[in-house]
Amino acid sequence: MKSFGCRANISPTVELQPSLLLYFQSKVFCNLMDKFRIIGGKRLEGRVSISGAKNSALPCMAASLLTSENVVLHNLPYVRDIITMRRLLEDMGCMVLMPERHTLKIDASNIKFFEAPYELVKTMRASVLALGPLVARFGQAEVSLPGGCAIGQRPIDLHLKGLEMLGAKIELVGGNVIARADRLKGNNIVFEKVTVTGTENMMMAAVLAEGVTVLENAAREPEVTDLAILLNRMGARITGVGSSTLKIEGVSKLRGAEHTIIPDRIEAGTFLVAGAITKGSLEITECNPDHIASVIDKLSEAGVKIERLSDVALRVETNGKIVAKDITTEPFPDFPTDMQAQYLALMTQAEGSAVVTENIFENRFMHASEMMRMGASITVKGNQAIIEGGKQLTGAKVLASDLRASASLVIAGLNADGETIIDRVYHIDRGYDKIEEKLCKVGASIERFRD
Ligand code: EPZ
């Protein structure tokens, strides 16, 4: 049994050929056998720094397809989804250099293929973000339909309807979306539902369209705003940034740009909950408190003491008991669905019962059944989970099902009596940069191993 406290690091200065990169991927990031062993009951104390936001990095990487000039992105998290997106861009013909671990320089001047194949899309749904930029710049794209995932069906009908509204011809052939357009034409689009990547795809399609596009009921997530800031830096003309109505005046060409990705608000929220459930005292730096105001408000209501130290730092400690408080997940700026599983873990230790209502995805309580194996008392009815708090968790062997469920099981394991073994931690590797190292540094007993 091999055990190592953190992943072997690829030297960021070594420019890896794609094939060699794939070899390292198979050895470093994507080992399906990796597990975590956690010994619970340790208070987390100290300082943890937050990485760049995966869900901003992915659309910003896709935006590089919109120009033949270099796009340089800083503060990227070193996680599996970034590696997958890099591979997708390279398969299309992009030159992607990594001058240092958290920076990519993307040159899309020599795109030869306009497709996102099923093999990649099935591992990372965000590959559909290639659709908008490819049709906008090249008039063509072939992207595999992503299919569902653990948390729900994840359709992209709103992406496709939006592209048709801009004049694209859409065909579904053999599980692939084939989109074609001579030149996209601006239009007014009202999203039936708030969709984050749908808004991002349509922004990237509209920036090179002829005329003006208005996106109504657009997503307001900070990651959407970060993409809009990058696009404007590339010469796009987007106004209403941060609001639910985006106006995009099409331009004929975009230039290269340099951009620093925003901090990962979900990672910051995850560490807030980890500090709270272990009755620790954590300083969380390089974050943006404004991006998780709804999470801070709800945790504070539940009795967690959270202090804003600056515009980029928070301190979390639990000064006593946690009180059960209900939450309902909604689009930004309300409580994010990506924090639902982590919050639910905390409620297992609260005084009283809490009702967690999941309004975004239809199957996002997979973590609940695993927590019940640790002694939690949770009843799932439709899109609601009722958590009866105050039950001491005991360590168990549990199975991660998706990215945020994995994080919630780590949080539960930090609190549980005894040893928790989490299988399939490749899910967590998709979106958390070296989480076990960051937790070790603040006192957790967690290690990655393979049987
Ligand atoms: C983004 O997914 C995030 N992923 C998700 O984070 C996040 O949970 C989600 O937004 C909600 O905030 C990335 O940004 C890469 P949606 P996305 O389109 O864009 C329905 C994580 O853990 N819908 O906003 O795919 C959809 O089924 C991941 O980091 C349609 O019906 O989510 C869902 O019910 C998980 N038709 C709701 O809208 C569409 O065409 C919101 O989905 C599109 C979406």
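Our subject is the structure listed above.
Calculation rules
- Residues numbered from 1 in each chain as written.
- Predicted model: local features only at pLDDT ≥ 70, side-chain atom pairs only at ≥ 80, totals over all residues.
- Heavy atoms only, no water.
- Near = heavy atom within 4 Å.
- Polar contact = N/O pair within 3.5 Å; in protein donor to acceptor, adjacent residues only side chain to side chain.
- Areas by Shrake-Rupley, 256 points an atom, 1.4 Å probe, with all protein chains shown as cover.
- Helix = DSSP H or I, 4+ residues; strand = E, 2+ residues; numbered from the N terminus.
- Buried < 20%, exposed > 50% of the residue type's maximum accessible area, 1.4 Å probe, protein only.
- Contact = heavy atoms within 4.5 Å.
- Core = buried A, V, L, I, M, F, W, Y, C linked by side-chain atoms within 4.5 Å.
- Pairing = 2+ DSSP bridges.
- Axes fitted to C-alpha atoms, helices over the stretch in contact; angles between N-to-C directions.
- Salt bridge = Lys/Arg side-chain N within 4 Å of Asp/Glu carboxyl O.

Undergrad: Can you help me understand the site of the ligand in this one?
TA: As a matter of local geometry, the ligand sits amid 23 residues, with Asp-157, Thr-195, Thr-197, Asp-338 and Ile-360 nearest to it. One of the side-chain N or O atoms of Lys-54 is found 3.2 Å from an oxygen atom in the ligand. Separating an oxygen atom of the ligand from a side-chain N or O atom of Lys-193 is a distance of 3.3 Å. Protein chains shield 90% of the accessible area of the ligand, which is 830 Å² for the free molecule. Of all the elements in the fold, those that place two or more residues in the shell around the ligand are α2 (54-63), α6 (157-165), α7 (196-206) and α13 (403-415). Among the elements that take part in the shell around the ligand, α6 stands out by supplying three residues, more than any other.

Undergrad: Before we go on, may I ask you to explain the environment of Ala-274 in this structure?
TA: With respect to the helices and strands, Ala-274 occurs in helix α9 (residues 265-277). With a relative accessible area of 3%, Ala-274 lands in the buried category. Distance in space between the C-alpha atoms of Ala-274 and Leu-414 is 7.5 Å, their sequence separation being 140 residues. Once residues within four sequence positions are removed from consideration, Ala-274 is found in contact with Leu-44, Ile-411 and Leu-414.

Undergrad: What is the right way to read the nonpolar core from this model?
TA: Generally speaking, a soluble globular protein has its nonpolar side chains buried in company with each other. Leu-66, Met-203 and Leu-231 are the most contacted members of the largest nonpolar core, which totals 81 residues. Sequence-distant contacts of Met-203, defined by excluding residues within four places in its chain, comprise Leu-215, Val-224, Leu-227, Ala-228, Leu-231, Ile-238, Leu-246 and Ile-248. One finds Tyr-343, Leu-346, Phe-365 and Ala-416 within the second-largest nonpolar core, a separate group that totals 67 residues.

Undergrad: What should I look at first to understand the sheet that holds strand β15 (residues 257-260) in this one?
TA: Strand pairing in a sheet is mediated by backbone hydrogen bonds. Such pairs are either parallel or antiparallel. Ordered in space as β5-β6-β4-β15, the four strands form an open sheet in which the pairing is mixed. The open sheet has two free edges, formed respectively by β5 (95-100) and β15, since each of these has just one partner strand. Mean inter-strand twist for the sheet, computed between neighbouring axes without regard to direction, equals 15°. Across the sheet, helix α3 (residues 80-92) touches β5 and β6 (103-107), and the angle it forms with β5 is around 140°.

Undergrad: For this particular structure, what's the right way to read the pattern of salt bridges?
TA: Two side chains of opposite charge can pair, provided their charged atoms sit close to one another. Tallied over the full model, the rule gives 30 salt bridges. Between Arg-237 and Glu-249 there is a salt bridge, and its shortest N-O distance comes to 3.3 Å. In this pair, Arg-237 sits in strand β13 (residues 237-239) while Glu-249 sits in strand β14 (residues 245-249), placing the two residues twelve residues apart along the sequence. Arg-237 gets classed as partly exposed once you look at its relative accessible area, which sits at 46%. Judged by relative accessible area, which is 36%, Glu-249 ranks as partly exposed. Taking the shortest distance from any N to any O, the salt bridge between Lys-305 and Glu-317 comes out at 3.1 Å.

Undergrad: I would appreciate a short explanation of the sheet that holds strand β22 (residues 384-388) in the present structure.
TA: Overall, mixed pairing links the four strands, which are arranged β19-β20-β22-β21 in an open sheet. The outermost strands of the open sheet, each flanked by one partner alone, are β19 (327-328) and β21 (377-381). Direction of pairing for β19 relative to strand β20 (residues 353-357): parallel, over a ladder of two bridges. Across the sheet, Thr-328 pairs through a bridge with Thr-357, a residue of β20.

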